[in-house]
Amino acid sequence: METAIALERATKRFGELTAVDALTLEVPRGATVALLGANGAGKSTTVGLLMGLHAPDAGRVTVAGLAPRTAVVQGRIAAMLQDCGLMPGVTAAEVVALGRRMYPAPLHVEEALELAGLRELAHRRVDRMSGGQAQRLKFALVAVAGADTMLLDEPTRALDVQGRREFWAAMRTCAASGRTILFATHYLDEVEENADRVVVMARGRIVADGTPAQIREAGGQSVVRFRIPATELAQLPELPGRLTVEHGWATVRTADPDTVVRLVARGDAAWSDLRVAPPSLDDSFLALTGPTGPALFEEARA
Ligand SMILES: Nc1ncnc2c1ncn2[C@@H]1O[C@H](COP(=O)(O)OP(=O)(O)OP(=O)(O)O)[C@@H](O)[C@H]1O
């Protein structure tokens, strides 16, 4: 399969600090990849390397087989960077028309607005748009490049739930047209619905790389909960996992929820309201980005 993006042991340092540390990542054409990581993990720097904004101190970075700057000039890659502003006083269509002049093979203005779900708002002034609409306009400005690879750096930062939902609907339309999309985010729930692959970064390195389900299962534990009176606790059998009891609810964090449920059901304790929750992405994210994260992921995949 054709490779859209490749980093081969790419390293970027800022003085003493290694922001991206011998990072190797290959993204095939057409994939939608989420780059997940805490503040300072190195996501924006990785995007900067792919856009040719930083030169790697070591290693190699290519986009569609080209040097990043060449790929940018040829309109093969376009990015929605953090905190880019929009010109006030003009309409959405005017901004996109201006933006498209920068690219060698751009889309039509209407096409880009359509992809961003802004067709109806083509003549709305930029300064009269909601946060969500403005963010989708920035997306239209990336889409108009007609690039086959799009990078989105925390595109839904500071958007409300509705704005985020609308933004991702626009992004998915774009992904469905066969483009390669790499987006950086902190929002774990966005990853499950919008990416087919998740690359988790910590300290400039990749600590896990898999489907959202694999990431969720690698680091997280299931939670089995049930109500139980304090007087019944002694009747509970030994359970695989960590049991805590609070306000009449027992909580068992476990890698083996089936066994926990079987043992609880077979025992004599008078419990009620039993429920099982899958591992949470938040728990998994915290575990994977901790010091033992990479080993944890390897173990889960073995
Ligand atoms: N131009 C720069 N000069 C010095 N240090 C920098 C520069 N850009 C980034 N850094 C540092 O490199 C590290 C990685 O930053 P980066 O912005 O890539 O992380 P991030 O994962 O995108 O974080 P965030 O989620 O906060 O945007 C951080 O410690 C940051 O302070």
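Presented here is a report on the structure given in the accompanying data block.

The rules behind each value
Residues numbered from 1 in each chain as written. Predicted model: local features only at pLDDT ≥ 70, side-chain atom pairs only at ≥ 80, totals over all residues. Heavy atoms only, no water. Axes fitted to C-alpha atoms, helices over the stretch in contact; angles between N-to-C directions. Helix = DSSP H or I, 4+ residues; strand = E, 2+ residues; numbered from the N terminus. Parallel < 35°, antiparallel > 145°, perpendicular 65-115°, else oblique. Left-handed = near helix turned anticlockwise from the far one by under 90°. Contact = heavy atoms within 4.5 Å. Nonpolar A, V, L, I, M, F, W, Y, C, P; charged D, E, K, R; others polar. Buried < 20%, exposed > 50% of the residue type's maximum accessible area, 1.4 Å probe, protein only. Arc of directions from axis to C-beta. Phe/Tyr/Trp six-rings, centres within 6.5 Å; stacked < 30°, edge-to-face > 60°. Pairing = 2+ DSSP bridges. Salt bridge = Lys/Arg side-chain N within 4 Å of Asp/Glu carboxyl O.

### Topic: the packing of helix 5 (residues 131-143) against helix 6 (residues 161-176)
Okay, step 1: Running from N to C, helix 5 and helix 6 cross one another at 20°; their axes reach a closest spacing of 9 Å. Between helix 5 and helix 6, the crossing angle belongs to the class labelled roughly parallel. Viewed along their axes, helix 5 and helix 6 form a crossing whose handedness is right-handed. Two secondary-structure elements touch here, helix 5 through Gly-132, Gln-135, Arg-136 and Phe-139 and helix 6 through Gly-163, Glu-166, Phe-167, Ala-170, Met-171 and Cys-174.
Okay, step 2: Looking at the contact of helix 5 with helix 6 residue by residue, the class counts come to five nonpolar, three polar and two charged.

### Quick notes on helix 10 (residues 281-289)
Okay, step 1: Among all positions in helix 10, only Leu-281, Ser-284, Phe-285, Leu-288 and Thr-289 are buried. For helix 10, the angular spread of the buried residues around the axis is 115°, confining them to a single face.

### Here's the deal with the packing of aromatic side chains
Okay, step 1: Tallied over the entire structure, the rule returns three aromatic pairs.
Okay, step 2: Relative to Phe-167, the ring of Phe-139 lies with its centre 5.3 Å away and its plane at 70°, an arrangement referred to as edge-to-face. Highlighted residues: Phe-139 in helix 5 and Phe-167 in helix 6, separated in sequence by 28 residues.
Okay, step 3: By relative accessible area, Phe-139 is classed as buried at 0%.
Okay, step 4: Relative to Trp-168, the ring of Phe-167 has its centre 5.3 Å away and its plane inclined at 90°; by these criteria the two rings are edge-to-face.

### Brief notes about the pairing of strand 1 (residues 3-14)
Okay, step 1: With eight bridges connecting them, strand 1 and strand 2 (residues 17-28) associate as antiparallel partners. The residue of strand 2 that forms the bridge with Ile-5 is Val-27.
Okay, step 2: The antiparallel hairpin formed by strand 1 and strand 2 contains two residues in its connecting segment, where Gly-15 sits at a positive phi of about 60°.
Okay, step 3: Inspection of the sheet shows strand 1 paired to strand 4 (residues 58-63) by five bridges, in the antiparallel sense. Bridge pairing in strand 4 places Thr-11 opposite Ala-58.

### Details of the pattern of salt bridges
Okay, step 1: Taken as a whole and assessed by the stated rule, the structure comprises 13 salt bridges.
Okay, step 2: Among the ionic pairs, Glu-154 bridges to Arg-157, the shortest N-O distance being 3.3 Å.
Okay, step 3: Accessibility expressed as a relative area gives 40% for Arg-157, which makes it partly exposed.
Okay, step 4: Salt bridges sharing partners connect three or more residues here, namely Glu-2, Arg-29, Arg-76 and Asp-148.

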